Amino acid sequence: MALLFHEHLKHTTALLTAGLLAIGTFAQERTDIPPLWLREPAIAPDGSAIVFRYQGDLWRVPTTGGTAQLLTTHEAFDESPVWSHDGRSIAFSSNRYGNGDVYVMPSTGGEATRLTFHSAWDRPSDFTRDNATILFSANRLDEASNQMFPVGGLGELYSVPVTGGATDRIITTPAVAARISPDGTLLAFHDVKGYEDEFRKHHTSSVTRDIWTYDLNTKQYRQLSAFTGEDRNPVFSADGRSLY
């Protein structure tokens, strides 16, 4: 019995050793496997660099390729990077104090400054054209007139100065991924009509997102898309006459 157990143990140890050696050899040989789940890429205004999220931190890499530079090293979750229009700053959201707040930092790396202090989760989407203010969406406080349909998941659009200070509510519409036009008069965004997993493939229903614009001068909304599937994340062309 003892001899059989000893031989079985030797056999098991040999298999484990062979398996570990195979894993080590595979890891050494497969240096071509890139990191997975590089998310939320944001390209610089001059097209020279991309900032993205990976494993809860923000990284920067040249668009020509090369080594990525780590921009944030906090143990919290950093997400939603947004470039200023002069390329000097990056706004992002981080839960360093328990919920997502808006922060701003130099685009080359450096100290991040906290700008919002609300208990809601704030996500930036753009800078104003003068780079003095950051747009962000959050589920904070709706208009009292909208309480016929009191739903906490349909948020609002706000702004906060890059130097810090009081936030302003721009519109009470759930304006997600809002971007401002080059002339500063128009907002483009996608709406939120209901609850659906944003990663659901081939989703068609009555709650899929559509693209809208909002005129900051006339206060008028305009729906641009009517596709039964998902239309999201609008981006203005350089001349402001088209949306991607």
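Look a little higher up for the structure.
Summarised in this report is the structure supplied together with it. Fair warning: this is a prediction, and the values are worked out from it, not measured in the lab. All chains use their own residue numbering, which begins from 1 and follows the written sequence. Totals for whole chains, interfaces and linings use every residue, but because this is a predicted model, local features are given only for residues with pLDDT of at least 70 and side-chain atom pairs only at 80 or more, for both listing and counting. To get the side-chain values, take all heavy atoms of the structure and skip hydrogens and water.

What about the nonpolar core?
Grouped together as the largest cluster of nonpolar side chains are 12 residues: Val82, Ala91, Val102, Val104, Leu115, Ala120, Phe127, Ile134, Phe136, Ala138, Tyr158 and Val160. Contributions of two or more residues to this core are made by strand S7 (101–106), strand S10 (133–138) and strand S11 (156–161). The numbering of helices and of strands both runs from the N terminus, where a helix is a DSSP run of H or I of at least 4 residues and a strand a run of E of at least 2. Broken down by element, the residue count for this core peaks at 3 residues, all from S10. Here a residue-residue contact requires only that any non-hydrogen atoms of the pair lie within 4.5 Å. Once you skip the residues sitting within four places of it in the chain, Val104 turns out to touch Ser89, Ile90, Ala91, Glu111, Ala112, Thr113, Leu115, Phe127, Ile134 and Val162. Val51, Leu71, Trp83 and Phe92 belong to the second largest nonpolar core, which has 11 residues in total. Think of a nonpolar core as a cluster: buried Ala, Val, Leu, Ile, Met, Phe, Trp, Tyr and Cys residues, connected wherever their side-chain atoms sit within 4.5 Å. Exposed residues in this analysis have more than 50% of their type's maximum accessible area, buried residues have under 20%, and partly exposed residues fall in between, with area computed by a 1.4 Å probe over protein chains only.

Points about the pattern of salt bridges
A carboxyl oxygen of Asp or Glu within 4 Å of a side-chain nitrogen of Lys or Arg is what we treat as a salt bridge. Within the structure shown, the criterion is met by 9 salt bridges. Three or more residues are tied together by salt bridges with common partners; here these are Asp191, Lys193 and Asp210.

Details of the sheet that holds strand S1 (residues 39–43)
Note on pairing: two strands pair once DSSP finds at least 2 bridges between them. Taken together, the 4 strands give an open sheet; going across it, the order is S1-S2-S3-S4, and neighbouring strands pair in antiparallel fashion. Since the sheet does not close on itself, it has two edges, and those belong to S1 and strand S4 (69–70), each with one partner.

Regarding unusual backbone geometry
A positive phi angle, near 60°, is found at Trp37, a position not held by glycine. Looking at where Trp37 falls in the secondary structure, it is placed in the loop between helix H1 (2–29) and S1. At Ala177, a residue that is not glycine, the phi angle is positive and equals roughly 55°. Relative to the helices and strands, Ala177 resides in strand S13 (residues 176–180).

Some thoughts on the side chain of Asp191
Within the fold, Asp191 resides in the loop between strand S14 (186–190) and strand S15 (211–215). By relative accessible area, Asp191 is classed as buried at 8%. N or O atoms within 3.5 Å of each other form a polar contact, as long as, within protein, one can give a hydrogen and the other can take it, and as long as residues adjacent in sequence are counted only when both atoms are side-chain atoms. A polar contact of 2.8 Å, which involves the side chain of Asp191, links it to the side chain of Trp212. Discounting residues that sit within four places of it in the chain, Asp191 has contacts with Pro174, Thr208, Arg209, Asp210 and Trp212.

What about the sheet that holds S14?
Read across the open sheet, the 4 strands follow the order S13-S14-S15-S16; overall the sheet is antiparallel. Among the strands making up the open sheet, the edge pair consists of S13 and strand S16 (221–223). Averaged over all adjacent pairs, the angle separating strand axes in this sheet is 20°, with direction ignored. Two elements, S14 and S15, share 5 bridges in a ladder whose sense is antiparallel. Helix axes use the C-alpha atoms of the stretch in contact, all axes being lines fitted to C-alpha atoms, and the angles between their N-to-C directions lie in the range 0 to 180 degrees.

Let's talk about the side chain of Arg53
As for its placement among the helices and strands, Arg53 is situated in strand S2 (residues 49–54). Overall, Arg53 belongs to the buried group, its relative accessible area being 10%. Polar side-chain contacts of Arg53 include one of 2.9 Å to the side chain of Glu40. What Arg53 contacts, discounting residues up to four positions off in sequence, is Trp37, Leu38, Arg39, Glu40, Leu58, Phe77, Asp78 and Glu79.

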